[in-house]
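Overview (structure and organization)
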Amino acid sequence: MEGRAAKIPGLYAGGEAQVNSWCADFVQSGVRYHRVMGGKANYIDEHCQLINHGEENEMQMFAYKIQRCRQALSIVGGIFTCGFLYLLFYWKPEWNVWANCTPCSLEEADIVLLRTTDDFKSYTRKVVRWAYLSPGSDREKPLFQDQGSVLYKVTMYPELKVRYIEAQKLRYAWDRMEHMFVRLGGLDDNLSCKDIHWKYGKGLCEEEENVRRLIVGPNSIEIQISPIWKLLFKEILNPFYVFQVFSVCLWFSESYNEYAIAIIIMTVISVSLSVYDVRQQSVKLHKLVAEHNNMNVKVSRMGKGWEEIPSSQMVPGDIFQITGNKQILSCDAILLSGSCIVNESMLTGESIPVTKSALPQESASGPWKTSSPEDYKRHVLYCGTQVIQIKAASGTAVQAVVLRTGFTTAKGELVRSILYPKPTDFKLYRDATRFLMCLIAVALIGMIYSVTIWTISKAYAGDIVKKALDVITIAVPPALPAAMTVGIIYAQGRLKKRGVFCISPQRINVCGQMNLVCFDKTGTLTEDGLDLWALSEAKDHGFAPLLEFQTDAFLLWGPSYAAMATCHSLITIDGTIQGDPLDIKMFEATGWVLDENTEKFQSTQRDPLSLLVKPGPSIRAPVDGILVLQQFPFSSSLQRMSVVTHVLDSDELILYMKGAPEKVASLCQPETVPLSFSSHLAVYTQQGFRVIALAYRSLGSSEDISLRKISRESAEMNLTFLGFLILENRLKVETEPVLQELRNARIRSVMVTGDNLQTAVTVAKNSGMVPRSSKVILVEAAPATASTQAYVSWSLVEEPRQNYGAIESHVIMEPITDYHFAMTGKSYEVLLQHFYHLVPKLLLNGTIFARMAPGQKASLVEEFQKLEYVVGMCGDGANDCGALKMAHAGISLSEQEASVASPFTSNIPNIECVPLLIREGRAALVTSFCVFKYMALYSTIQYIGVLLLYWELNSFGNYQFLFEDLAITTVIGVTMNLNHAYPKLVPWRPPGQLMSPPLLLSVVFNIFLSLALQTFGFVMVQNQDWYSRTNLLSGCPVWNVSNTSSFLNNNGFQSYENTTVWLLSIISCISVAFIFSKGKPFRKPFYTNYIFMLALLVQLGVCIFFIFADIAGLYYAMDMVCTPVMWRGYIVIMLLVNFLISFFVEEVIVENRTLWLWLKRCFGVKSRSHYCVLQRTLDGEPGWPPLAKTEFARPASLLEKDNMVFQNAAFEHSQEEQPPNWQGAGTGNAH
């Protein structure tokens, strides 16, 4: 222990500050990076470690050891503070650890402190636990034969125990060899294909299965429904409610019973609603995963054969059977034998069947993910997805090995993202906290003043304490957080009525600051459905006349016809053809039918997923049918799919392929590709058509070739080019007007699509995202090769004057000021890796990002956020999960279950929901500011009045407090939020922080105005001729003296100062509510808020009635005294002057945007946002944007960026694996 401690200089003396400094340095340098079992951990130091590096739940871990003497002192402190110290420890777990523990090495820790690496730096305390694998046993024999496995490394011998922690539903165990905590829950990533088949092909023995379950935990996604008493206890311990309890106790001690009871009632209602909402969410989430935890599966036990067990007992390495019949998978698994078709809509949001094939038994020694000849995700089955169909090979059962279990699975990660959402860092709430601190400081000043005044007057000590504490409850309004939340709740309700649902209400305010929106193209900007438009066949080194399907032209039999009939991944479910819309359209155009009953065709070449296609009843063809023997499924990395077929009663094997034109052409014999390939392709892509290419190849006789031995690479070569299949994907009618509305509001629109670059440029221009007058600059970057360095080049893209011909690139010598950058995902990745210094510059005007993989979409959103854009992302839910979660406001247009990962889900099937959300966000944000300003002014007005009356050893009466707090402030706080959003977006955003000069001026000016008003009234009433401290009837009119004298009370509150100051304060609260209730340009005019206006009129009428009533009983109840009519007129005049001055300053100065812009220009104040600073820099940079220029990467400047790592490992498949409709120039990765 001493040796380990000695390696950490000053560890025990330096404390947390020293450790934080080390960690910051080590994070920057990236010391000793490890990747283990799919999770990442950056081992920083013996005291601290970075876990989940590069992921959304990245955290720093600090090691501590409990000290008994410190614990004893904490217990004493808790007793002396009547438990308040423990309450602080509950709110601040880091204080608990620092008070009771001392820093130590991770190997010795019994307590760890986890700190998030985001701006919030929130802490969590976790206890290090032990799992005993074989209680009472003590042996040297390893439980795991593979001594390189993680499970072996985390097991301590001979004790047979594992040291671990659990955080956010994940388990991290201590690796005794690497001296670090590693994440558990899955098979090792370094296993090869051969290892997986050889080590796990026969199943696990019972002993190893039990040990694995003890280490990694059960295969269950448990969502505990907390009992109501526990939820109530947690809610009540919130600092806000603790302050409420303190305030209520104080009020009861002062006999302020009515308001205390009212606050209790309101608090009970608020707590009940909150607890109900939390419990309902828990119940919904519990139902979502309940089926997962209540399934039975057949697993293989070494030496015992197959046995049925609950799915919760499965562990990584188990072999289990897949039965099909709409089976829901309860874990992530690798398919070992057979084939199956699954529905992954739970993850992707799109109900398109996906074909899964068995992991090949390769002899390569590399990791199975890299050694697999195809995209490895084609062999992975994901938890929560549904198996639609299975086909076994050679009469054996379809088998899979468990890859991940529990919360480490795809569905588990989805549930975790809901349980632990990404916090929204918004300046409004940080500024509100700072302002509350200022109010607390003001309250402390008032406490000192109160203690001084009441001590000089020789009041009782108990009364002095009550009066001093009273100031805190007045200066710091307990209802402030609740009042600010009401506006968001109203906005959420309005969005729900319009079909937009929100699972993260706090992000509604963030939407009000949104200034950049990324749009997916297919299904978002364009229609979901595709229309088969034409076939352009290659002929005689050129292209034959176009065959348009809309004209009912007859499609002649030939290779193109056969390719359209066979090259797809369609299946029949309950007699209905299902699959990708593109495949369905293509197949229906042939008039052929599917027949999956291929058992009657005896062929050694038949694949488990073989199917037969044959002519329909009305189709005449020279063949009886074509048997599809094998599929090479679509892969986003390969950008193509192919099938191996043979015509019935024929021995010839023919391969048909369809995919991205550029990719297909590169695999064809050059002499079969027309010379006008590029220009002919551009004709259609420039018009927004989606284009895929067709090709074929004869593989020879089935007797001479074994499909099981032929590789995809060798089969997909030397093809004959057939031509283009052209599909039409129209813009949605709402797209262009919505983009125009956003452009008018100066909100940037960016297209992030998997489609072809030329198609993306055309759609951007047709939709108005890129104005016709703007120039498009193509940015092309290529990675380094063995002979060349990485480079980036810029060229100007111009549409030709006619619609025929390739997109041309040429140079314009005069400077370009209105331009947009366009690039592909490959170029973007190269820029990140080799030219990162150019990325911010390019993003400033980057508008078109094509061929973007889902992981690149999420990375792009993150890079925009680094420039301090407030980024929205709108997608149809298919493969956009990463970007939707990364954005400040992700809007999913999908109604599938995957939409729960997005903060907003829209039932509006187009992008009209985007301006709607921005309008509601702006309205909610302005409402939050209005309520904040009002609550701050209300508490300050009351605070000033109380301190003035303390000078005379007086205060407001209980009913005066009750009327001001309940009848005025509470009603205003609830109704002020009811303004609807203004229907038009203006070209500027509401302020995003409280510390902006206009808002500060408004609050500070009105505070001083209120101080002047009440002080003036307080002093003036004392200088009146009729004023008397002792005779409270001296100012009463003669005709009212007899009535009033019988209603004077003896509680000590009645005085001329009290009556004057109270009337001034309550009507001031009404006037500032009116003045602060903003209307245009972000909310509808205040007079459209009928309930609010009615409330103000009623309140004002009651207050005027108080002034002129002359009702003795009313004076008695409200602790008022009768004053001369003239003085009442003076009060009204003072209030009117106060209102006019406040209204003038608010409207003419505070809300005068022209004035503030002029002042900014005069003082040279400019935006400090990163993108604004960079834009000003580029405006003065000669030679930007560069044209006809190529820049090479310098070896010294190669950047090791890690931001291409997916944000969520379990969603990698949903970000990269794309259905077959993403094939072609107009298709590709179409999302």
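Everything discussed here concerns the structure shown above.
In what follows, the accompanying structure is described. (Residues numbered from 1 in each chain as written. Predicted model: local features only at pLDDT ≥ 70, side-chain atom pairs only at ≥ 80, totals over all residues. Heavy atoms only, no water.)

Before going further, it helps to spend a moment on the overall build of the protein chain. Each helix and strand counted, the protein chain has 40 helices and 46 strands in total. With 1231 residues in all, the protein chain has 58% of them scored as buried. In the protein chain, once contacts between residues fewer than 6 apart in sequence are set aside, the share between residues at least 24 apart is 72%. Here the protein chain displays about 51200 Å² of accessible surface, and carbon together with sulfur accounts for 58% of that area. (Helix = DSSP H or I, 4+ residues; strand = E, 2+ residues; numbered from the N terminus. Buried < 20%, exposed > 50% of the residue type's maximum accessible area, 1.4 Å probe, protein only. Contact = heavy atoms within 4.5 Å. Areas by Shrake-Rupley, 256 points an atom, 1.4 Å probe, with all protein chains shown as cover.)

In this section: the side chain of Ser247. With respect to the secondary-structure elements, Ser247 resides in helix H10 (residues 239–253). Not counting residues within four places of it along the chain, the set of residues in contact with Ser247 comprises Thr473 and Pro478.

So, on to the pairing of strand S22 (residues 399–404). Two faces belong to every sheet, and in a regular strand the side chains alternate between them. Counting buried positions along S22 gives six out of six residues, so the element sits mostly inside the fold. Summarising the sheet, strand S15 (residues 319–321) and S22 pair through three bridges and their orientation is antiparallel. If you follow Ile319 over to S22, its bridge partner there is Val401. Note that strand S17 (residues 332–337) and S22 share five bridges and pair antiparallel. Pairing of Leu335 across the sheet is with Ala400, part of S22. (Pairing = 2+ DSSP bridges.)

With respect to topology, four strands assemble into an open sheet ordered S16-S21-S18-S19, the strand pairing being antiparallel. Only two strands of the sheet have a single partner each, and these edge strands are strand S16 (327–328) and strand S19 (353–357). Direction of pairing for strand S18 (residues 339–343) relative to strand S21 (residues 386–391): antiparallel, over a ladder of five bridges. Of the residues in S21, the one forming a bridge with Ile341 is Gln389.

This part takes up the sheet that holds S15. Spatially, S14-S13-S15-S22-S17-S20 is the arrangement adopted by the six strands of the open sheet, whose pairing is antiparallel. Of all the strands in the sheet, the pair left with one neighbour each is strand S14 (305–310) and strand S20 (380–381). In this sheet, S15 lies alongside strand S13 (residues 296–301) in antiparallel orientation, the contact comprising two bridges. Each bridged residue has a counterpart across the sheet, and for Val299 the counterpart in S15 is Phe320. Across the sheet, helix H7 (residues 193–200) touches S15, S17 and S22, and the angle it forms with S17 is around 85°. (Axes fitted to C-alpha atoms, helices over the stretch in contact; angles between N-to-C directions.)

Our next topic: the nonpolar core. Membership of the largest hydrophobic core comes to 91 residues, with the highest contact counts inside it found for Tyr934, Ile968, Trp1062, Ile1066 and Phe1106. Top element by residues in this core is helix H30 (residues 913–951). It accounts for 19 residues. Setting aside residues up to four positions removed in sequence, Ile1066 forms contacts with Phe963, Glu964, Ile968, Cys1103 and Phe1106. (Core = buried A, V, L, I, M, F, W, Y, C linked by side-chain atoms within 4.5 Å.)

Moving on to the packing of helix H31 (residues 958–975) against helix H34 (residues 1056–1076). The contact between H31 and H34 brings their axes to 10 Å, and the two run at 5°. Taken together, H31 and H34 sit at an angle that is classed as roughly parallel. In this structure, H31 contributes Gln960, Phe963, Glu964, Ile968 and Ile972 to the contact, and H34 contributes Asn1058, Trp1062, Ser1065, Ile1066, Cys1069, Ile1070 and Ala1073. Taken together, the residues of the contact of H31 with H34 break down into eight nonpolar, three polar and one charged. (Parallel < 35°, antiparallel > 145°, perpendicular 65-115°, else oblique. Nonpolar A, V, L, I, M, F, W, Y, C, P; charged D, E, K, R; others polar.)

Along the polypeptide, Ala1073 turns up in helix H34. The spatial distance from the C-alpha of Ala1073 to the C-alpha of Val931 is 8.6 Å, given a sequence separation of 142 residues. The residues contacting Ala1073, other than those within four sequence positions of it, are Tyr934, Ile972, Met976, Phe1092 and Leu1096.

What follows concerns the packing of aromatic side chains. All told, the structure shown has 37 aromatic pairs when counted by the stated rule. Ring geometry for Phe956 and Phe961: centres 5.6 Å apart, planes at 75°, overall edge-to-face. The same class applies to Phe956 as to Phe961, namely buried. Put simply, the rings of Tyr828, Phe849, Phe864, Tyr869 and Tyr1171 touch in pairs and so form one group of aromatic residues. The ring of Phe1076 has Lys933 sitting right over it, with the charged end atom 4.4 Å from the ring centre. (Phe/Tyr/Trp six-rings, centres within 6.5 Å; stacked < 30°, edge-to-face > 60°. Lys NZ or Arg CZ within 6 Å of the ring centre and 35° of its normal.)

With that settled, consider the pairing of strand S36 (residues 720–728). Along S36, eight of the nine residues are buried, which leaves the element largely enclosed by surrounding structure. Taken together, the eight bridges between strand S35 (residues 689–701) and S36 define a ladder with antiparallel strand orientation. Across the sheet, residue Ala693 finds its bridge partner in S36, namely Phe724.

With that settled, the discussion passes to helix H20 (residues 581–590). Along H20, the residues classified as buried are Leu582, Asp583, Met586, Phe587 and Thr590. For H20, the arc enclosing every buried residue in end-on projection is 120°, short of the 170-degree limit, so these residues lie on one face. (Arc of directions from axis to C-beta.)

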